[in-house]
Amino acid sequence: LKPLAQDSLALKSWLAASEPAVTMASVQIPSSAPGQQQMAGSGHFIVVGAGPVGLAAALLLAKQGHKVVVYEGRPEIPTNIEDSYPIGINPRALHCLREVAPELEQQAMEEGRIIDSWQIFGGEKMVAEARSGTVYGTTRGGLNMLLYNYAVSKFKNVSILFNHKLKSVKFETKELIFDVYQNGSKHEVVVSVGHARVIAADGVHSGVRRALEAHGFVKSEVTPWHSEFRVLFAKKGASSEKLDPGVHYIFSGCYTAIVKIGGVESWTAVASCKDTASDEERRLLLSSEASAENVAALRVYMEKTAGRISPIIDDDELKRFFARRTYRGAVVKVNTLQHQEWILLLGDAAHSVLPPTGEGVNSGLEDCTVLSSVMQESLASPFAAYERRRLGDLHGLHQIATYLNDGLAASGPEAGSRLMVMIMQSLLKQCGVISNTSEDHFFGPQATERRAYGKIAESWNKQLACLLPFSRCCCYSCHFGCCCCLCCPAKKVFQFSEELKPPDGRMQSE
């Protein structure tokens, strides 16, 4: 399907060979010709964005007989090593893949690796462990390519057009304007939506969402993550007896997991640079200069924060680290998911979260499952029905993501309070006082229930309402007491004690 972006004749053949399952009011052949208008018809879907969520939505709609055209700004699905950062697909994502085809779910599980647990370390000491057994470790790029290959090989009613970057949306005439990059030049293509429906799955910095917001159709809250990320990769096939392939490690400032790159399992380290980090640490982790000084400093940093993986990362890889992009996403919340039954926001475009929730791609793929279910019900207003069914749950997930994002910026007693909440949750769970935490439903055995995010957030809020004020009382009191001691020289304390003594040497009871 790749030549379709450049060859309208090939697409004509595709349309002729594909018997339409729905009545098409009017369909013009998608073309890359400058300024040429493309017309979509009733029963037709346009998907903006060929990431995992966009492709999953396209596949589920195509399975129901709809014709789908996917517009993607990139020249291809990226497979380079820099885009192979680790993710975990939980039962929500697996359910979506199974809805497309059981063999697709099976392939995703075979290409991934089951995660036994997440281990959290303070230095070289493990301070906590979250058991899993329900989540498969893979990469975003690997999942994206899996969906793309399935679309190309199995669905004739899905067309994927690369090098089409959304420029603007004309709401009055229902048109999408794309910049098309071809043979080193750029030209504009206008897509007349007509009676078709548009799925916006164009990510956290969604152009469709920004256009909706600019016209007052959507109100959004976009809060940048309080941390930036950059990846490092160990030598392919390298291993260490200190690293268990079934475990994902959370070190201080570094996430370590094993991923498959080109069919070979390799360890990767995702370095996190928090906004609260020291100036020296931020200069190092965000630098683009692979100087000998920076490479040496990065080696020291890795040995200090992630000593278990540092020995299998060579100096050449440390140099490549500084050439890679850093990534800072955002936590996104919108007040509505759709506009007048012709535009629907899916995935990160509607509800981007934070990596520690583990629900980024999983919540997006669950969006696709919910949409597919709504479309099967043949409702007159499917997008509005989708919003009624989904918006409350996504706002619940946003609450948890916002709390975790604020935690990245916390320091001192506030950071201690949040850590204390986690410890108390674990203890109360062991004592049977609470049954589950939000992490159990995201990562643990309870993830198989695929419980609604709204219900998870409801329980989480109740736990937090009790534990966080108590933790803050303890941590801030201790902090205040320590500050008093540090601010009062010991000599002054002893002098004050002497002043309280009566002439006979006995302390006054007061």
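For the structure itself, consult the block above.
Treat the numbers as computed from the prediction; the structure is a model and nothing was measured.

Asker: Any details on the nonpolar core? Residues and values, ideally.
Answerer: Counting residues in each nonpolar core, the largest one holds 84 residues, and the members touching the most others are Ile-89, Leu-143, Leu-176, Ile-199 and Leu-346. Counting residues per element, this core draws most heavily on helix H2 (residues 52-63), at nine residues. If sequence neighbours within four positions are ignored, Leu-176 has contacts with Ile-46, Val-48, Leu-166, Ser-168, Val-169, Val-189, Val-190, Val-191, Val-193 and Val-198. Ranked by size, the runner-up nonpolar core spans 29 residues in total, among them Val-259, Phe-443, Ala-457 and Leu-464.

Asker: Describe helix H5 (residues 140-154), listing the residues and the values that go with them.
Answerer: Compared with the 21 Å implied by 1.5 Å per residue over 15 residues, the 21 Å span of H5 between its first and last C-alpha is a close match. Inspection of H5 places Gly-141, Leu-143, Asn-144, Leu-146, Leu-147, Tyr-148, Tyr-150 and Ala-151 among the buried residues, and these make up the whole buried set.

Asker: Kindly report on the environment of Ser-159, identifying the contributing residues and their values.
Answerer: Within the element layout of this structure, Ser-159 appears in strand S7 (residues 158-161). With relative accessibility at 0%, the residue Ser-159 sits in the buried group. For the pair formed by Ser-159 and Ala-58, sequence separation is 101 residues and the distance between their alpha carbons is 9.3 Å.

Asker: Please provide a residue-by-residue account of the sheet that holds S7, values included.
Answerer: To summarise the sheet geometry, strands pair through backbone hydrogen bonds and adopt either a parallel or an antiparallel arrangement. Read from one edge of the open sheet, six strands run S7-S3-S2-S11-S19-S18, paired in mixed fashion. Each edge of the sheet is formed by a strand with only one pairing partner; in this case those strands are S7 and strand S18 (338-339). Bridge count for strand S2 (residues 44-48) against strand S3 (residues 67-71) is five bridges, and the pairing is parallel. Along S3, the bridge assignment pairs Val-48 with Tyr-71. Contacting S2, strand S11 (197-200), S18 and strand S19 (343-345), helix H12 (residues 382-409) crosses the sheet at an angle of about 35° to S11.

Asker: Any chance you could break down empty space enclosed by the protein for me, citing the residues and the numbers?
Answerer: Going through the model one piece at a time under the given rule, you end up with four cavities of 30 Å³ or more. Counted as a void, the second largest cavity has a volume near 40 Å³. Top element by residues in the lining of the second largest cavity is H5. It accounts for three residues. Taken together, the residues that form the lining of the second largest cavity break down as four nonpolar, two polar and one charged.

Asker: Which residues make up the packing of aromatic side chains, and what values do they have?
Answerer: Applying the stated criterion to the full structure yields 16 aromatic pairs. Ring geometry for Tyr-249 and Phe-251: centres 5.6 Å apart, planes at 0°, overall stacked. Residues Tyr-249 and Phe-251 agree in their burial class; the two are buried. Three or more aromatic residues joined by ring pairs make a cluster, and in this case those are Trp-118, Phe-442, Phe-443 and Tyr-453. A cation sits over an aromatic face here: Arg-230 above Phe-321, 5.0 Å from the ring centre. Sitting above the plane of the Tyr-403 ring, Arg-418 keeps its charged end 4.3 Å from the centroid.

Rules and cut-offs
Residues numbered from 1 in each chain as written. Predicted model: local features only at pLDDT ≥ 70, side-chain atom pairs only at ≥ 80, totals over all residues. Heavy atoms only, no water. Core = buried A, V, L, I, M, F, W, Y, C linked by side-chain atoms within 4.5 Å. Buried < 20%, exposed > 50% of the residue type's maximum accessible area, 1.4 Å probe, protein only. Helix = DSSP H or I, 4+ residues; strand = E, 2+ residues; numbered from the N terminus. Contact = heavy atoms within 4.5 Å. Expected span 1.5 Å × (residues − 1). Pairing = 2+ DSSP bridges. Axes fitted to C-alpha atoms, helices over the stretch in contact; angles between N-to-C directions. 1 Å grid on protein atoms, 1.4 Å probe; cavity = no way out; pocket = protein on both sides within 12 Å on 5 of 7 lines; lining within 4 Å. Points joined across faces, edges and corners; volume = space filled by probe spheres on them. Nonpolar A, V, L, I, M, F, W, Y, C, P; charged D, E, K, R; others polar. Phe/Tyr/Trp six-rings, centres within 6.5 Å; stacked < 30°, edge-to-face > 60°. Lys NZ or Arg CZ within 6 Å of the ring centre and 35° of its normal.

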